[in-house]
Each structure stands twice: as C-alpha cells, then as structure tokens.
Amino acid sequence: MGAAARYIRPMAILAGAVLALSACGGGAGTAGAGADSTTGGSLTYWSMWKEGEPQQKVIAKAVADFTAQTGTEVKVQWQGRSNTEKLVPALNTNNVPDLVDGPYAKLAPVLGNTGQAAPLTKAYDTTVDGKKVAELIPAKYLATSNIKDKDGKPWMLPYSLSSDGIWFDAATHPELAASPPKTWDDFTSVLDKLKANGETPLAADGDIAGYNSLWFTTALIRAEGPGSFYKLASDKSGAGWDSPAVLAAAKRVEKIVNGGYLINGYAASKWPAQQQLWASGKAALMLNGSWTPTETATYASPGFQYASFPFPTIDGKSTSQRADFVGFAVPAKAKNQNKAQQLATFLLGKKYQDAYGTDAKVLPIRADAAISPEMASVKKALDAAPSVYLQNDGVTYPGFVEKVFWPKDDQLFLGKTSADDFVKQMKDAQIQYWKDNG
Amino acid sequence: MSEVDANAAVDTVLLADGAKPAKAARREAGSSIDRQRKKLLIPFVGPAFILYTILFVVPSLAAVWISFHSWSGSGPMEFVGGENYVRVFKDPLFLKSFGNTLLLLFVVGIAIFVLAFAMSLVLRDMAGRKIVRSVIFFPHLINALVFGVLAGFIFNPGGIVNTLLGPLGVKEPPAWLAQENIFPLIMVTLVATTTGYYTTILMAGVDRIPPYYYEDCALAGATAFQRLRYVILPLTWDVFGTCAVLWTISSVKIFEIIWVFGGSSGAGIPPTQSWTTAVYTYVTAFSGQSTPSYGAATASAVISLALVSVLVVVLRRAMRRDAVEF
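Residues numbered from 1 in each chain as written. Chains lettered and ligands numbered in written order. Predicted model: local features only at pLDDT ≥ 70, side-chain atom pairs only at ≥ 80, totals over all residues. Heavy atoms only, no water.

The next subject is the overall build of chain B. On a plain count of helices and strands, chain B comes out with 14 helices and two strands. Split into buried and exposed, the 326 residues of chain B put 42% on the buried side. Of all intrachain contacts in chain B linking residues separated by at least 6 positions in sequence, the fraction that spans at least 24 positions is 67%. A total accessible area of about 17,700 Å² is found for chain B, and carbon and sulfur atoms account for 70% of it. (Helix = DSSP H or I, 4+ residues; strand = E, 2+ residues; numbered from the N terminus. Buried < 20%, exposed > 50% of the residue type's maximum accessible area, 1.4 Å probe, protein only. Contact = heavy atoms within 4.5 Å. Areas by Shrake-Rupley, 256 points an atom, 1.4 Å probe, with all protein chains shown as cover.)

A word on the pairing of strand β12 (residues 324-329) of chain A. All names here are of chain A. For β12, the tally of buried residues reaches six of six residues, placing the bulk of the element in the interior. Taken together, the four bridges between strand β3 (residues 99-103) and β12 define a ladder with antiparallel strand orientation. For Gly102, the partnering residue across the bridge sits in β12 and is Gly327. By the bridge criterion, six bridges tie strand β6 (residues 156-162) to β12 in an arrangement that is antiparallel. The residue of β12 that forms the bridge with Ser162 is Asp324. (Pairing = 2+ DSSP bridges.)

Next up on the list: the side chain of Thr188 of chain A. When you line up the elements, Thr188 of chain A lands in helix α9 (residues 184-196). Setting aside residues up to four positions removed in sequence, Thr188 of chain A forms contacts with Lys255 and Tyr261 of chain A.

All names here are of chain A. Ordered by their spatial adjacency, four strands build an open sheet running β8-β9-β7-β10, and the pairing between neighbours is mixed. At either margin of the open sheet sits one strand with a lone partner, and together these are β8 (202-203) and β10 (306-309). Along the sheet, helix α10 (residues 209-224) contacts β7 (164-169), β8 and β9 (285-289); its crossing angle with β9, the most-contacted strand, is approximately 105°. (Axes fitted to C-alpha atoms, helices over the stretch in contact; angles between N-to-C directions.)

The subject of this paragraph is unusual backbone geometry. Residues and elements named next belong to chain A. Trp271 connects to Pro272 through a cis peptide bond whose omega is 5°. Looking at the secondary structure, you find Pro272 in the loop between α12 (244-258) and α13 (273-279). You will see that Lys361, though not glycine, has its phi angle at about 55°, which is positive. By the element assignment, Lys361 lies in the loop between α16 (350-358) and β13 (363-364). Exposure remark for Lys361: the relative accessible area of 35% places this residue in the partly exposed category.

Looking now at the layout of surface pockets. Considering only enclosed or pocket space, the second largest pocket measures out at about 710 Å³ in volume. What lines the second largest pocket is a set of 31 residues, and nearest its centre among them are Asn264, Gly265 and Ala268 of chain A together with Asn156 and Pro157 of chain B. Elements with a contribution of two residues or more to the lining of the second largest pocket: α13 of chain A together with α7 (144-155) of chain B. (1 Å grid on protein atoms, 1.4 Å probe; cavity = no way out; pocket = protein on both sides within 12 Å on 5 of 7 lines; lining within 4 Å. Points joined across faces, edges and corners; volume = space filled by probe spheres on them.)

A separate point is the nonpolar core. Of all hydrophobic cores here, the largest spans 196 residues; its most connected members are Tyr159, Phe216, Leu285 and Phe400 of chain A. Those residues in contact with Phe216 of chain A that lie beyond four places of it in its chain are Phe229, Trp241, Val246, Ala249, Ala250, Val253, Phe405, Asp409 and Phe422 of chain A. (Core = buried A, V, L, I, M, F, W, Y, C linked by side-chain atoms within 4.5 Å.)

This part is about the interface of chain B and chain A. Between chain B and chain A, the contact holds 53 residues from the first and 49 residues from the second. Summing the contributions of chain B and of chain A, the shared interface buries around 3,900 Å²; its carbon and sulfur component is 59%. Its largest share of buried area at the contact with chain A, chain B owes to Gln179, Gln289 and Thr291 of chain B, together 15% of the area lost on that side. Joining chain B to chain A, the criterion identifies two salt bridges. Of the charged contacts in the structure, one is a salt bridge between Glu180 of chain B and Lys416 of chain A, with a shortest N-O distance of 3.2 Å. (Buried area = accessible area lost by both parts, 1.4 Å probe. Salt bridge = Lys/Arg side-chain N within 4 Å of Asp/Glu carboxyl O.)

All names here are of chain A. Relative to the helices and strands, Tyr159 resides in strand β6. Judged by relative accessible area, Tyr159 falls into the buried class, the value being 1%. Expressed as a C-alpha distance, the spacing of Tyr159 and Ala344, which sit 185 residues apart in the sequence, is 8.3 Å.

Evaluated as defined, the whole model comprises 21 salt bridges over all chains. Ionic pairing is found between Asp129 of chain A and Arg366 of chain A, a salt bridge with its closest N-O pair at 2.8 Å. Remark: Arg366 of chain A occurs in the loop between β13 and α17 (376-384) and Asp129 of chain A occurs in the loop between β4 (127-128) and β5 (131-132); sequence separation between them is 237 residues. Among the residues examined, Asp129 of chain A registers a relative accessible area of 51% and is labelled exposed. Salt-bridge contacts for Arg208 of chain B lead to Asp238 of chain B; the nearest nitrogen and oxygen are separated by 3.8 Å. Placement of Arg208 of chain B in helix α9 (residues 179-208) and of Asp238 of chain B in helix α11 (residues 224-252) is noted, with a sequence separation of 30 residues between them. Of the residues examined, Arg208 of chain B reaches a relative accessible area of 43% and is grouped as partly exposed.

Okay, α11 of chain B next. With 29 residues, α11 of chain B should reach 42 Å at 1.5 Å per residue; the first-to-last C-alpha distance of 35 Å falls well below that figure. Trp237 of chain B marks the point of greatest bend in α11 of chain B, at about 60°. (Expected span 1.5 Å × (residues − 1). Bend = angle between axes of the 7 residues up to and from the residue.)

Okay, the packing of helix α10 (residues 211-220) of chain B against α11 of chain B next. Residue and element names in this part refer to chain B. At a minimum axis distance of 11 Å, the contact between α10 and α11 shows a crossing angle of 165°. The orientation of α10 with respect to α11, classified from their angle, is roughly antiparallel. Both α10 and α11 take part in a crossing whose hand is right-handed. Facing Tyr213, Tyr214 and Cys217 of α10, the residues of α11 in contact are Arg227, Val231, Ile232 and Leu235. Looking at side-chain class alone, the contact of α10 with α11 contains six nonpolar, no polar and one charged residues. (Parallel < 35°, antiparallel > 145°, perpendicular 65-115°, else oblique. Left-handed = near helix turned anticlockwise from the far one by under 90°. Nonpolar A, V, L, I, M, F, W, Y, C, P; charged D, E, K, R; others polar.)

Residues and elements named next belong to chain A. The strand order across the open sheet built from six strands is β2-β1-β3-β12-β6-β13, with neighbouring strands paired in mixed fashion. Both outer strands of the open sheet, β2 (73-78) and β13, are each paired with one neighbouring strand and no more. Its contacts with the sheet place helix α2 (residues 54-70) against β1 (42-47), β2, β3 and β6, and it is angled at close to 165° to β2.

Once that is clear, we can look at the packing of aromatic side chains. Centre distance and the angle of the planes are the two values used to describe a pair of aromatic rings. If you walk through the whole model with that rule in mind, you get 50 aromatic pairs over all chains. Taken together, a centroid distance of 6.0 Å and an interplanar angle of 50° make the contact between Phe216 of chain A and Phe405 of chain A tilted. Taken as a pair, Phe216 of chain A in helix α10 and Phe405 of chain A in helix α18 (residues 400-413) lie far apart in primary sequence, 189 residues in all. The two residues Phe216 of chain A and Phe405 of chain A agree in class, both being buried. Consider the rings of Tyr197 of chain B and Tyr198 of chain B, whose centres lie 5.0 Å apart with planes at 85°: the pair is edge-to-face. A relative accessible area of 24% means that Tyr197 of chain B is categorised as partly exposed. (Phe/Tyr/Trp six-rings, centres within 6.5 Å; stacked < 30°, edge-to-face > 60°.)

Here we take up the confidence of the model for chain B. The pLDDT averaged across chain B works out to 84; a share of 88% of its residues lies at or above 70. A low-confidence stretch, residues 1-25 of chain B stays under pLDDT 50, and its non-local contacts, those more than four residues away or across chains, total 16 contacts. (pLDDT = per-residue confidence, 0-100.)

This is the structure:
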C-alpha cells in the first residue's frame, strides 16, 4: 500500500462524513418550494404532542383526513413539549417547519414577541362549517391582544384552551357541587368548616412555582382585573408594589398559608406527591389547571367525580377566567405558509373539536364543541366570564417570571416570608430587574 | 556498506513510490519508525482534529461571539459589548449559582477524594474486594434521573424515611425536601454516587504498587500513616492528579441531577436555591416561560468555561511532581 493510499482512505471517510453532515443541514423541509398551492405538495408540522397521547390521536386523525381531502402530504414529527426549544435554533436556518403548535406561553417568547411568526390572516378568513374562523373562536378570547403582531394581525390560531379552577370530588363533597363558594369570604368559611370537620382543606405541590404563583396572580387579577399583574410587572419604578391592592392580594395568600389549611408537608415534597394525596381523598380542594382530571385519573380513588369551581371573586369584582391558548403558529420563514394555515383551520372543524373535547377530555376552542363531564364546571365558568387572561397574565419578559417573581412568591407561599416583606422584596427586585434589563 | 548508507537504502525502499527524495529523508533525524509516525500524523489526527474543530471549537467561539449580543435565539442580534457579563455578574442569582458550583467542586470533591482514598486503602487487602469494587461502582452506572425520582419516594412527607421514623417516635420529621434542604441532599447524593467511580480509578493506581514496598515498610516498622505518606501517596500521585482534573471538569457541568431533584419531574424548574451555573445557563436560554436571552446565557456558559480552564491549569501546576518510576 502506498503512502498516497494511506492518506486517501481516511480523507475519503472524512469527506463522506462532511457530505453527510451538510446533507442533513439542507435536505428536509424544502419540499414543494415555490409552488405553495392549496392542493397536493407537502408540509412539515412539529407537534407538541407525543405519539399515544389522547390529544395526539385526535390530531393524527385530522391530519390523515386532511391528506385524504387535499392530497397534501403532511410530514408530522411528534416531538413533544420540547418542540419550541428545538424551534429556536431551527429559526436561524432555512430548515424551518411550516407549522408548529404549543401553548401561548411557549410560542409567544420564541415566535410572537420576536417577530418570527407569519400573520395568519388567511386562516382567520377561512370558512369552516359555514362560518368564518374569526367567528368560530369566541370574541373574548381573541380580544386578548397578546396574540397580535406589531401590525395588529394575529399570529396564533388556537385550537384548545387550558384554564384553572379549584378542584374537588363531587362524590364526597356534594354540598360544594350544589353551592360552590362564590366570594373570597365564602371560600375561607368553607376552608374553616372543612378544617373544623377534621379534614385537610387544601392540597398543593409546593415545589411547582407555577402552581404556587396562581394564588397571588389570581387574587390580584380578581381584585384589579385582567392585565393588572402585567401592568405591575411592567412598572419600571416598582411603585406598583406599594399599592394597597397588591398588598391585599399578598395578604390573602398569607392567610391561606398561615390559616393551617394546607396539607402537611406541602413545602417539602416532590410533585406529584400532594396531588396524589388529593386524588385519593386526603385533602378536599386543590387549585390547579384544567388538565387535572386527565393527569390524576390513574391514581384517583374509585368513584372520584371531578368537579371544580372558579377561584372566588374578591369584593364582587372581576369574574374573568384564565384561558391559555394552545394552538398553531406558522414561522415567518416557512415555505408552505398557505398549506400550513389550511391544516391549522382544518382542526377547527366540528368533528375534530368534538373529539378533542370528548376523547382527549380537554377544552376545545370552539364554544359549540362537545366536552366531557369532567370539564363541565370549567367550561361553564369560562362561558360566563366577561373576559379572559393568560397564565402569568401574559408576562414574558426575559427571566422575569422564573428568576424574579417565582423565587420570591415561593417564599411567600411556602411560609418563609410575610406578605409585607414579599411586597417590599418584589419592589426592590423589580427595580433592579428593570435597571439591568430596561 | 556503512551503516548510514544502509539506512538510506532502507529509506529508498520504503519511499519507493516517490513521496520524498532519499536525500531529504536522510537529513531528518530519527529512525524510520519515527518517520512513519510523522507520516501517519495527518491521516490519523486530521479527521479527529477537523471534527473536533467543527463540533466543539467553532461552536465555542460562536458562543463567545453571541455573548456580546442581546439576542433571543432568532431574529435580530444587537451588539451590546460586555454588557451581558456585567449583568450576569450583578445578578445575585448567578452569584448564588456560581457559589453552588464551587461548593460542588470543592466540598463534594474533597469528600469524594477522602472517602475514595480511604476506601481504596481498606479495600486493598480485603477479602472479596472485586465484588465490593463492583458494588461501589454500580451507582455511577445509574442515570442521575433515577436518583432524582427516587428522592421523591424516599423523602416525601409520606415517603420511606418518614414511615421508618414514625415507629421510632419521631413525630415532627425534618422537611427533607424543603427548598433550602434540596442542595445539601444533592451534595450527599453526588458523594454517594461518584465515590465508587474514583475509588475504582485510585485502586488501579494503588494496586500497581509492588508488594515489596509494603514489606519494606513492615520491616522498617513504619506506621500506617507513614506508609501512606511515604509510599502510597507519592506512587499514586499522577493517578490522583488525573482524577482531580476529571472531577473539576465534570463537577462544573453537573446539571441533570439538580434539574430532576427539585420540582421538575416534568412540571417545573428547580428552586433557585439549588441552581448551579449550568442550570442558570439553561434556564436563561430555554426556560420556556419567558423570552429566551441567549446573550446572557452564553455569557454565563463562557464564565463556566473560563472557570474550568483556570482551575485545571492551577490544579495541574499544584499537582505537578516528577512521576516516580517503579
């Protein structure tokens, strides 16, 4: 073997490797480029669902029907919840998916807020089941201005909602199902009654900051209306934290903590330990999301009847409900935007919305879609609500929620600081945050 | 034929396909094996070097470049100079995370090495040491995720520990998984899982020492400590140094065990009390709750890299000894 051959073989392997690498970089995703008609061709969809999840089954069925009707091949990747994390690096290449889905709280930071999403004007103008998409989605959801880009056009098409409520077992507490507490005072008297009967009133997985913070943000929004937490967080002077209404909201959380209502050990456990205890009847109530029935079904005690009532009103004010969109967005760089919008609207058909409500047992976006009995109480509260707000009231400033608000709010909810100290600390931390990030 | 000529003749045969004139070859020092080695340097090292450059060096340099910008991961980048570094260093959360990284590096590191060394001495002349070695190495093979999930079963308010403590009359057991206790628990877990790994490496070094040194010690009437000080330590010093560098590099990257230990078996992020710089970097870039800030995240990653580099250099200096030949 000559010296040349000794060089050639490794070099050939290397060249092959480089070719393979570059092929991965430029291959997929360019199918059908240029000819973005509404029939035939193909599009890529990165899904937030994994194969086997109830939601995935409904969407997969819709995708199959879509292909059968339009001849458009849909290349679906069932990526799971990390699809938005994977999307960020992809946005810097020419290899972007045509369609992605996710909750608003995850799509807004990477697509909506950064101007990387295409306006979905066509989707909203489409007619589904004889009605315009814009009319199918209840107006109060669309009034949540955050899904509009800088030109005022919507960049997200929701197909489902998530909300929250205070959950209980209607089988063991029929009295709560018959007359749920409406006001804050009613609610605390229910807690006192439960405690007097020797029952643990509330369960909470204290290690999940997002659940803990529901108490403060909802108490504030009930008193001051939707957008009040957003306004508070956006205040660069931090002066908002001096407001008596903010302190009152923190005091309400403090009362829950100090009232001895919370399940023993909530501050030192690992999710889902406490919601398991709740589902097996060791505590009466739990403030949590509309996914609770699906999530706790496997360990709920036999005969458990899921029911909920909305977070109580404060001083007879706002009854608006949390409604987080789960829906589609199209990256601005996508090559098959028309087809992607077509598929997105396809899922709004009554057939799939009904399946989403009854098979997947979550909340479909269409008001006329069928729902499962577990969701009835949440749906009723949402339908009756005059307006809606988003998780964290739509605050997505870089690092604000997870580095500034959650750590301090955890201290309050886990009983380590008082309401007064919490408000003071938040004011200082927020001033510092805006000094560094302003 | 003189010896030089003979060599040249061999060269000519070897280089028959004309890669190099025999004259030039003669001027090069060393045997033909050395020259063979040199020739193989490029084909053998080249691919690794190129892949390493593409996959590690270029991304690292890109990270440094990104750290001078304000960027949300896609879309426009704005040059901000060293602002990200200033901001990261002013962030009390980063300083706390940095402090935790140092705790892992030094406190956990020292505990691991003391224990590993003690164990390798005990195990040296213990019966059934091969089995014991496998047993203590075993935890290292298990994914850190398992320990994170297991922590829930063991330390939850209704978990194994409290169930066992109940009959012993402990009415108010400690809040094991309270936010402030999670980091100490992680440190203990790390000591428990990593000690076996370093024990195995150190034992290989200790086993290498010929038995006649020990016999010599016994004859000279050396105490156990003297034997350690004058025989075992000097003869395993190079192994020790390598282990120290390995630990430094791996401890700065510790991430997954923290991610799963507190609040994150799928539904949240760990409490800030237990963050390390690796977790800080991750949350800054991919929290999923807010607009990503890649500039600050890469700045934090670059600081970690700088920390590792400085520590490794310092460590190599401090541990430098002439290897004892035996």
